[in-house]
Structures are given as C-alpha cells and as structure tokens.
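Given next are the chains, with one letter for each unit.
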Protein chains: 2
Amino acid sequence: MLKTIYYPDPLNWAELCKRPQLDTTNLDTMIAGIFEQVKQKGDIALKEFTLKYEKREVENFLVDKDQLESAGRNLSTELKKAIEIAAENILKFHTIENLQDPVIETMSGVFCWKRKIPIERVGIYIPGGTAPLFSTVLMLALPAKLAGCSEVILCTPAEKNGKVNEAVLFTAKLAGVKTIYSVGGAQAVAAMAIGTETIPKVQKIFGPGNQYVTAAKQFAARSYCAIDLPAGPSEVLVIADESADPGFVAADLLSQAEHGTDSQVILISTSEILVKEVKKSLVQQLFTLPRKTIAQEALQNSHVILLKSLEDAMRFSNLYCPEHLIIATQNADDLSKKVINAGSVFVGHYSPESAGDYASGTNHTLPTSGFAASYSAVSNESFLKIISFQKLTPDGLLGIGKTIELMAEAEKLEAHKEAVSIRMKKLSSKNYGL
Amino acid sequence: MLKTIYYPDPLNWAELCKRPQLDTTNLDTMIAGIFEQVKQKGDIALKEFTLKYEKREVENFLVDKDQLESAGRNLSTELKKAIEIAAENILKFHTIENLQDPVIETMSGVFCWKRKIPIERVGIYIPGGTAPLFSTVLMLALPAKLAGCSEVILCTPAEKNGKVNEAVLFTAKLAGVKTIYSVGGAQAVAAMAIGTETIPKVQKIFGPGNQYVTAAKQFAARSYCAIDLPAGPSEVLVIADESADPGFVAADLLSQAEHGTDSQVILISTSEILVKEVKKSLVQQLFTLPRKTIAQEALQNSHVILLKSLEDAMRFSNLYCPEHLIIATQNADDLSKKVINAGSVFVGHYSPESAGDYASGTNHTLPTSGFAASYSAVSNESFLKIISFQKLTPDGLLGIGKTIELMAEAEKLEAHKEAVSIRMKKLSSKNYGL
C-alpha cells in the first residue's frame with residue numbers, strides 16, 4: 001500500500017518532495033463567475049447558489065440569536081468540558097506581545113515607532129462536509145478575540161437538516177463570535193470579500209475549505225481583501241528511528257491520511273525493521289477505521305523513505321517543508337533544534353499530531369504544500385497589522401534633511417527633495433536651531 | 001487641477017475612497033505565458049524576453065564580482081555618506097524581537113513554544129525605469145540581513161548602457177547582497193519563482209514594480225512562493241488644518257504625485273483658506289519640477305475634501321486606509337493615536353513623507369490600494385517565519401488525552417482519536433503514571 005524508497009540519492013530528493021499540482025484553470029473561470037454574480041446581485045446570488053449547490057432554500061442566512069444562545073443543549077457535558085479545556089490551552093499559548101513598541105530616536109530629533117492595531121472586520125469560514133470542524137472555530141475565533149478585532153463574522157454551510165452544526169455554534173459562542181451566517185462554498189467567500197445586503201465586507205478571510213473555497217480565497221486575495229494562508233491538502237512527515245513504537249507511528253500516519261483522499265503522508269526512517277512493523281500495524285489499524293476508504297486512497301500517494309542517518313532525515317524534512325512534522329526518535333529534542341522548515345512540530349513519542357490539532361494550545365491553521373518555507377501558522381499577529389509612525393522635530397529635520405535631499409536627487413525625484421528643502425528654507429530663514 | 005469636494009455626506013465617503021481598478025484579465029494570460037516559457041526554457045527564455053522587451057542581448061545575467069566590488073567609484077562622497085546614514089537609521093529601527101519565545105506549559109506536561117527562523121532564500125526586485133530606486137535596496141536587503149536569510153538575490157534591469165545602475169550596486173554591496181542579476185520585468189519574477197540554470201528559485205519575492213512585475217508577483221504567489229505585499233499605485237493622504245504651511249502641504253502632495261501618473265493624492269482639510277493657499281502653491285511649485293507632466297496627470301485623479309472636523313478627517317482617513325498619512329495639524333500627536341488604518345504615518349509639520357521614503361528609519365515598502373486595513377509594512381518579520389513546537393510528556397498525554405479523544409470523536413475523525421488512545425493504552429498497561 002505504502003511504497004518504500006530505499007536510500008534515495010540526495011539528487012532525487014527534490015523530486016520526492018513534489019506535491020501533485022492541481023489544475024485550477026477552469027476553477028478560476030467558475031470562481032470569477034461566482035464573484036461577478038455576488039457583486040451584481042448580492043443576497044439573491046447567494047440564495048441562488050445555495051439552491052444550486054446545496055439544494056437548500058434559505059430565507060435568512062443569519063443564524064438567529066436564540067439558536068446561538070441555546071447552542072450546546074444537545075451536546076454532552078463531557079464534550080463541552082473538552083472544548084473548554086482546549087480553549088484555555090489555546091488562550092494560554094496565544095499570548096499577545098506588546099501592542100506598542102518603544103519609540104526609537106534613530107537620529108537626534110527623529111522619532112520612529114510602531115503600533116499593532118487589530119484588523120477591524122474579519123471573516124471566518126468553517127467547512128461543513130464530511131466532518132464538522134468546530135476545533136477550527138477555536139483556532140481562528142480565539143486569536144481574533146485576543147487581538148481585539150471589532151467585528152468577527154463566521155460563515156459555515158448548514159447540515160442536511162438545514163441547521164448549522166450545534167458543536168460549531170457552541171464553540172463560536174464560547175469564543176465570542178456573535179454573528180454567524182449559514183452559507184457555504186465559494187459564494188460565502190465572495191460574500192465576505194465583496195459584501196452583500198446581509199453579509200458585511202471583511203478585510204481578511206480565514207479558514208480552511210475544499211478546492212472551491214480555496215480558489216475563492218485566492219481570487220479574493222488578488223483584489224478584495226487579505227487571506228490567512230494559501231491552503232492545500234493537509235500533510236504530515238514522520239521521522240522515526242528504531243526507538244519509535246510502530247503502532248504509534250502507524251496511528252499518526254493514519255490520522256493524517258483520514259483527512260482526505262488528497263492528504264499526504266510521509267515516513268522517513270533509519271530503521272528497516274521499524275518500517276516493516278509500521279506497515280504491518282498500518283494494515284491492522286486501517287481496517288477498524290470508519291474513514292478507511294479515504295485513508296486508503298491517501299496512502300496510495302504517500303511513501304516511506306529509508307535514509308542513512310537522522311541528520312539526513314531532517315535535511316529531507318527541511319527540503320519537503322511539512323505542514324506537520326512528528327519527530328519520533330530517541331534524540332527528538334536535539335533533532336528538533338535543526339528544524340528549518342515546518343508548520344508545527346511534534347517532539348517525541350508522546351506528542352501525536354492530534355494533540356496540536358485539538359488541544360495542546362498551538363494553532364492548527366498551518367502552511368501546506370511547501371509554503372512552510374515562507375509562511376507561519378495563524379496566530380494573534382494574523383489578526384493585527386503594524387503601523388509605522390515617525391515624528392521629526394524642526395532640529396530633527398535639519399539634521400536629516402541633507403541626507404534625504406541627496407538621495408532624492410540621485411533617484412531623480414525632485415519633488416521628494418523639495419518637500420524637505422522647503423521646510424529647511426523656512427527654518428533657516430527663521431534662523432531656527434542654527 | 002485638483003477637484004475640491006465640499007463637506008461630503010458620510011454616506012458618500014466610501015465612493016470617494018475607491019481606487020481605480022485596473023483590468024488585469026489580458027495581463028494574466030500574458031504573465032501565464034511568460035511563466036510557462038521560463039519553466040520550459042529557463043535562461044534561454046530570459047534572454048529572449050530581454051531581447052524582446054529591453055532590446056538587449058545578454059550573455060550572462062550575473063553581475064560580475066569586480067563590477068559589484070568597485071561600485072561607488074563614480075558616486076559622490078556626499079551621496080555615499082547619505083546612503084550610509086539612511087542605512088544606519090533603518091538598522092536602528094528594524095530591531096529583531098526574541099527569536100525564541102519562552103516555553104509555555106499550557107497544561108501539566110504539555111509544553112509549547114515558537115521559534116522564529118529566517119526564510120532561507122529570498123529574492124529582491126528593484127525596478128529600473130524612470131528612477132533608479134536604490135533606496136528600496138536598503139528597505140529590503142537590510143531587513144533580510146538582520147533576519148539572517150542565508151541567500152539573498154537581487155534582480156534589476158540594466159540601464160541603457162547595458163549596466164546596472166551604480167547607486168543600486170553600491171547600496172546592494174553596503175546591505176550585504178552578494179548576488180545580483182541584471183534581468184528585469186515579469187520574466188525576472190518568473191525566474192526567481194521557478195528557478196533557471198542561472199537564477200536560483202527563491203521562497204519569497206520582495207519589491208515594487210510596474211503592472212507587469214506586480215501581476216507576475218501575484219501569479220507567483222498563487223502556486224510558487226510567497227510575496228511581500230500586493231502592490232498598487234503609491235498614495236498619500238494629508239490631513240491639514242489652518243496651522244499647516246500651505247507650501248509644505250503642496251510640496252508633500254507633489255512628492256507623491258511625481259511617483260507616477262497613477263499615483264493618488266488626497267488632501268483633507270477643515271480650512272477653506274488653507275485649501276485655497278495650497279492650490280496656489282501647488283501651481284507655483286509644479287512648474288519647477290522636472291517630472292511635472294507625471295505629477296500633473298496624477299493630480300487629475302486626486303481631490304481635496306473639506307470636512308467639518310479633524311475627527312471626521314481621521315474617520316475618513318481610516319476608511320480610505322492610505323499607504324502614507326501625513327498629519328499636518330496643531331494636535332498631530334493626539335490625532336495620530338486615532339489612526340486605525342494606514343501604512344506609515346508622518347506626525348506634525350516637520351515630518352514630510354520623503355523622510356520615511358529615504359532615511360527616518362521606517363520601512364517604505366507599504367500596503368497600498370486599501371490593503372493597509374489588513375497588511376503591515378515590510379519588516380524583519382517579513383523575512384522570518386514562525387514555527388510552533390510541542391512536546392508532551394507521558395503524564396502530559398494522559399492529562400490531555402481524554403480531551404483530544406472527545407473532540408476527535410465529535411468531529412468524526414476516528415484515526416485522530418486512535419493516535420491518542422493507542423498511546424494511552426500503552427501507558428495504562430504499564431501502569432505508567434497511574
């Protein structure tokens with residue numbers, strides 16, 4: 001089921017790191033059409049698309065207050081408690097750094113500083129589909145709350161009964177979200193990007209989704225608003241040596257594989273014995289899973305790679321840039337210091353990916369498809385922007401003026417120079433500070 | 001020349017904040033073609049495009065070491081000193097925060113931490129064209145150096161004589177850039193995104209450019225690598241009251257208008273007298289400028305807006321989200337505290353935009369076209385990514401295990417649950433920690 005590659009030449013590593021590229025040419029045209037409709041017809045377009053794609057007639061997308069207030073009644077006390085514990089851990093990890101940095105006097109009389117300011121209006125998309133991802137509500141709405149965004153809206157498709165999943169509502173309420181719309185798909189993203197009569201235009205859109213939602217977010221990012229991350233299929237890379245428990249490793253690989261048929265799962269090992277045991281355990285565990293068909297298909301695209309050393313394993317991982325990296329080795333702590341490219345790292349035998357997916361406190365909205373080389377996980381910072389300020393005193397301007405004039409002149413931007421010269425002239429004529 | 005709008009109804013403000021939208025439909029197809037050629041033919045494609053668009057035959061894109069080493073010989077000592085002063089100020093302002101945050105124990109035995117790690121390979125694009133923007137080299141290469149990026153490459157078109165502008169080379173050398181390619185346009189961006197025989201593939205592309213470069217960066221961002229910012233035409237909004245010097249305000253407006261015919265310039269004032277004086281001064285100053293034709297055209301798309309109060313002025317500015325905001329009022333300090341959306345803010349009568357463009361220390365690579373609502377200026381952080389780590393002890397896993405199991409079960413992700421259960425079972429069978 002899982003193909004094993006024995007000690008590949010480093011020259012071939014880059015090839016092994018490649019993700020399947022989706023052809024989104026046709027998707028783009030379709031998404032552009034959806035945006036155009038939403039732009040022209042607003043809510044009416046949303047209703048038409050919901051009827052077309054979800055076979056659902058909607059009077060009002062806004063989830064009513066009573067439904068939100070009462071959310072949780074049908075959930076077990078145990079589950080509610082679990083969600084609360086996860087929320088607490090996430091809050092503990094997502095600390096806010098200083099909102100205002102100290103003022104720096106870069107030259108005498110030239111004062112510069114930065115201020116972090118919350119993005120005012122943000123939109124969160126929570127997919128419906130095969131699994132109601134209420135955990136993602138925690139991962140996005142809590143940092144938005146901590147950052148202090150003044151308006152947080154959430155869009156999510158309704159379930160078959162026409163209602164939004166109760167755990168999603170309960171979690172949203174817990175995380176302080178007050179406005180929820182039961183609308184899904186690319187049309188929900190278009191609505192948040194453009195704004196309709198019902199749904200306000202937001203300044204940044206967060207959240208995972210299928211290929212339509214992802215394409216819509218990328219379309220929105222071109223000219224409407226910011227997005228959290230370019231999202232692709234989820235992936236894990238496990239580095240395991242002979243100290244690893246084959247059952248644990250197999251379980252970790254499967255927990256990634258069950259996400260979707262396009263999930264990617266890679267095991268790097270220095271031990272042929274371990275690999276044999278993991279494969280055995282994989283087969284045993286797979287057949288007990290409700291989502292075994294999905295996991296099985298995902299495993300088709302996945303592979304096991306044997307390498308000579310753990311240093312090589314880490315080198316490969318840094319080249320692959322995994323969304324999730326599990327280090328299941330004896331020297332996991334040391335090895336973790338060599339991570340250069342990864343989204344979230346799970347150190348040691350008792351740190352399964354599920355811990356970070358739900359409750360350890362780290363964020364599970366992570367860069368995929370190799371983007372871990374340059375993007376970070378969602379954090380409070382994702383809900384803030386930083387504004388620079390500068391104030392020059394008259395003396396400050398006189399001190400730095402010549403520098404600016406010379407540079408502007410050399411860049412042939414005479415008006416830039418003049419904006420300084422005119423001030424310096426006035427100050428000189430007053431004999432100010434001279 | 002500048003249209004004045006008297007006391008517009010707040011209901012019409014949103015309309016006044018609109019930027020002209022470029023139709024990039026045809027551009028997209030052209031850019032896709034350039035990427036395809038560079039992907040297939042590498043350096044050969046680059047040479048063909050350079051011949052086609054720049055009428056220049058190139059043997060080797062790499063600027064040779066001697067040329068880089070000797071850069072500056074023909075520059076005045078004064079200019080070199082000015083560039084060095086600007087570099088010092090930029091270094092002082094671009095301080096690096098802790099690379100490793102403290103480890104947080106979110107629950108007993110559950111340890112989480114973050115580490116900031118430099119992006120390994122970054123590419124900087126410096127436009128040629130009407131002005132050699134060596135100041136942008138400082139704004140991008142210095143933060144890259146501070147962040148610790150291991151490979152920084154720079155692409156810039158050659159001047160008419162076939163050589164790269166000497167001030168650009170001198171500044172690059174000063175900022176520690178060792179690898180410079182004399183290639184420009186969308187093809188340079190494609191080369192950095194994809195990689196060719198000569199030019200290495202980078203993980204993030206920075207820098208301004210014309211509409212082709214901008215479209216190429218956006219194309220790259222969809223599936224190749226990260227980019228700094230979605231770039232649009234440059235813009236300034238000036239808030240001025242009766243305390244402002246009309247000459248200063250006019251000079252500031254012109255320094256923005258000379259950037260390009262698509263630049264945007266907005267003056268908000270509470271004083272009709274000031275507005276009249278500014279317009280008078282504008283005409284006088286305009287006709288002395290070498291770039292007056294450009295500035296004049298930019299002013300056609302620009303406007304003056306009279307509002308009843310400075311609070312209204314700031315409200316308008318926050319709705320407009322200017323790239324540059326100049327606060328030329330008596331109470332500039334107080335008013336600056338109310339800024340919610342802006343790229344870089346210039347506080348008081350002696351803080352012209354040129355100061356930040358060149359030398360105050362803040363970064364001049366800023367969000368335009370309203371993106372200041374959700375994006376920050378380029379900073380050291382733009383050259384780093386943050387990786388999350390977590391380590392659970394066996395006790396930690398036992399403590400948090402149930403929480404994860406319950407949530408995974410409720411999300412119908414059985415394999416996620418199993419990855420925890422299999423570990424808990426092993427620990428229980430050992431009577432570990434129970």
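From N to C terminus, chain A includes 17 helices and 14 strands. In terms of overall dimensions, chain A has C-alpha extents of about 90 × 60 × 45 Å along its principal axes. When burial is assessed residue by residue, chain A has 61% of its 434 residues classed as buried. Relative to all contacts within chain A whose residues are 6 or more apart in sequence, the contacts with residues 24 or more apart total 74%. Surface accessibility of chain A: about 16700 Å² in total, with carbon and sulfur atoms responsible for 52%. Taking the 45 positively charged and 49 negatively charged side chains of chain A as two groups, their mean positions are separated by 5 Å.

Moving on, we come to the interface of chain B and chain A. Contact with chain B, which involves 121 residues of that partner, is made by 121 residues of chain A. Across the chain B/chain A interface, buried area totals approximately 10600 Å², and carbon plus sulfur atoms make up 60% of it. The largest share of the area that chain B buries against chain A comes from Tyr350, Glu411 and Arg423 of chain B, three residues that together contribute 8% of it. Where chain B touches chain A, the interface holds eight salt bridges. Residues Lys391 of chain B and Asp333 of chain A are paired through a salt bridge, measuring 2.7 Å at the closest nitrogen-oxygen approach.

As a further point, take the sheet that holds strand S4 (residues 121–125) of chain B. Residues and elements named next belong to chain B. A sheet is described by the order of its strands in space; here five strands give the open sequence S6-S5-S4-S7-S8, paired in parallel fashion. Bordering the open sheet on either side are strand S6 (179–181) and strand S8 (226–227), each of which pairs with just one other strand. Note that strand S5 (residues 151–155) and S6 share three bridges and pair parallel. Bridge pairing links Leu154 to Ile180 in S6. This element, helix H6 (residues 134–147), spans S4, S5 and strand S7 (204–206) of the sheet and lies at about 170 degrees to S4.

Moving on, we come to the sheet that holds strand S8 (residues 226–227) of chain A. All names here are of chain A. Here we have five strands laid out as an open sheet, ordered S6-S5-S4-S7-S8, and parallel in their pairing. Only two strands of the sheet have a single neighbouring strand rather than two, namely strand S6 (179–181) and S8. With two bridges joining them, strand S7 (residues 204–206) and S8 adopt parallel strand pairing. When the sheet's bridge partners are listed, Ile205 is paired in S8 with Ile227. Relative to strand S4 (residues 121–125), helix H8 (residues 185–194) is tilted by about 175 degrees, and along the sheet it contacts S4, strand S5 (151–155) and S7.

So, on to the pairing of S4 of chain B. Residue and element names in this part refer to chain B. Counting buried positions along S4 gives four out of five residues, so the element sits mostly inside the fold. Bridge count for S4 against S5 is five bridges, and the pairing is parallel. Directly across from Tyr125, in S5, lies its bridge partner Cys155. In terms of strand pairing, S4 meets S7 through three bridges, oriented parallel.

Below, the discussion takes up the relation of the copies chain B and chain A. Superposing chain B onto chain A takes a rotation of 180 degrees combined with a translation of 0.0 Å along the rotation axis, leaving an RMSD of 0.0 Å. Taken together, these values place the two copies in the relation of a two-fold axis.

Another aspect to go through is the environment of Gly185 of chain A. Mapped onto the elements of the fold, Gly185 of chain A is located in helix H8. Separated by 76 residues in the primary sequence, Gly185 of chain A and Thr261 of chain A have C-alpha atoms spaced 19 Å apart.

The next subject is the domain arrangement of chain A. Here chain A is partitioned into domain 1 (27–228), domain 2 (232–375) and domain 3 (393–428). Here the C-alpha centroids of domain 2 of chain A and domain 3 of chain A sit 57 Å apart.

Bringing the packing of aromatic side chains into the picture now. Within the structure shown, the criterion is met by 18 aromatic pairs over all chains. Arranged with centres 6.0 Å apart and planes meeting at 5 degrees, the rings of Phe49 of chain A and Tyr53 of chain A form a pair that is stacked. Placement of the pair is Phe49 of chain A and Tyr53 of chain A together in helix H3 (residues 43–54), with a separation of four residues, close to one helical turn. By relative accessible area, Phe49 of chain A is classed as buried at 11%. Both rings, one in Trp13 of chain B and one in Phe316 of chain B, keep their centres 5.5 Å apart while their planes meet at 65 degrees; by these two values the pair is edge-to-face. Of this pair, Trp13 of chain B sits in helix H1 (residues 13–16) while Phe316 of chain B sits in helix H13 (residues 310–320), and the two are 303 residues apart along the sequence.

It is a general feature of regular strands that their side chains alternate between the two faces of the sheet. Residues and elements named next belong to chain B. Where burial is concerned, the two faces of strand S11 (residues 303–306) agree: the one with His303 and Ile305 and the one with Val304 and Leu306 are both buried. Note: strand S1 (residues 3–6) against S11, four bridges, orientation parallel. Bridging from a neighbouring strand, Tyr6 pairs with Leu306 of S11. Where strand S10 (residues 264–269) and S11 come together, four bridges link them in parallel fashion. If you follow Ile268 over to S11, its bridge partner there is Ile305.

This next bit is on the packing of helix H2 (residues 25–41) of chain B against helix H9 (residues 211–223) of chain B. Residues and elements named next belong to chain B. Put simply, H2 and H9 touch, their axes get as near as 10 Å, and they point 70 degrees apart. In terms of axis orientation, H2 runs roughly perpendicular to H9. Pair H2 / H9 crosses with right-handed handedness. Of the residues in H9, those in contact with Leu27, Asp28, Met30, Ile31, Ala32 and Phe35 of H2 are Gln211, Tyr212, Ala215, Ala216, Phe219, Ala220 and Arg222.

Here we come to unusual backbone geometry. With a phi angle near 55 degrees, Ser369 of chain A is a residue other than glycine that sits in the positive phi range. Of note, Ser369 of chain A is situated in the loop between helix H15 (353–358) and strand S14 (384–392).

With that out of the way, let us pick up helix H7 (residues 166–174) of chain A. Residues separated by three or four positions in an α-helix point in the same direction, a consequence of the helix having 3.6 residues per turn. Residues and elements named next belong to chain A. By the criterion of burial, H7 is predominantly enclosed, with seven of the nine residues buried. Here H7 has its buried residues at Glu166, Ala167, Val168, Leu169, Phe170, Thr171 and Ala172. Buried residues along H7 sit in contact with helix H4 (65–69), helix H5 (77–93), helix H6 (134–147), S5 and S6. Following H7 by one or two positions, Gly176 has its phi on the positive side, about 85 degrees.

Before going further, it helps to examine the environment of Phe35 of chain A. Residues and elements named next belong to chain A. Position of Phe35 relative to the elements: it lies in helix H2 (residues 25–41). Judged by its relative accessible area of 1%, Phe35 is buried. Distance from Phe35 to Ala216, taken between C-alpha atoms, is 8.3 Å for residues 181 residues apart in sequence. Non-local contacts of Phe35, meaning those with residues more than four positions away in its chain, are made with Ala190, Ala193, Ile194, Ala216, Phe219, Ala220 and Tyr224.

Basis of the calculations
- Residues numbered from 1 in each chain as written.
- Chains lettered and ligands numbered in written order.
- Predicted model: local features only at pLDDT ≥ 70, side-chain atom pairs only at ≥ 80, totals over all residues.
- Heavy atoms only, no water.
- Helix = DSSP H or I, 4+ residues; strand = E, 2+ residues; numbered from the N terminus.
- Buried < 20%, exposed > 50% of the residue type's maximum accessible area, 1.4 Å probe, protein only.
- Contact = heavy atoms within 4.5 Å.
- Areas by Shrake-Rupley, 256 points an atom, 1.4 Å probe, with all protein chains shown as cover.
- Lys, Arg positive; Asp, Glu negative; His and termini not counted.
- Charge placed at Lys NZ, Arg CZ, Asp CG, Glu CD.
- Buried area = accessible area lost by both parts, 1.4 Å probe.
- Salt bridge = Lys/Arg side-chain N within 4 Å of Asp/Glu carboxyl O.
- Pairing = 2+ DSSP bridges.
- Axes fitted to C-alpha atoms, helices over the stretch in contact; angles between N-to-C directions.
- Least-squares fit on C-alpha atoms with pLDDT ≥ 70 in both.
- Domains from an automatic or database assignment.
- Phe/Tyr/Trp six-rings, centres within 6.5 Å; stacked < 30°, edge-to-face > 60°.
- Parallel < 35°, antiparallel > 145°, perpendicular 65-115°, else oblique.
- Left-handed = near helix turned anticlockwise from the far one by under 90°.

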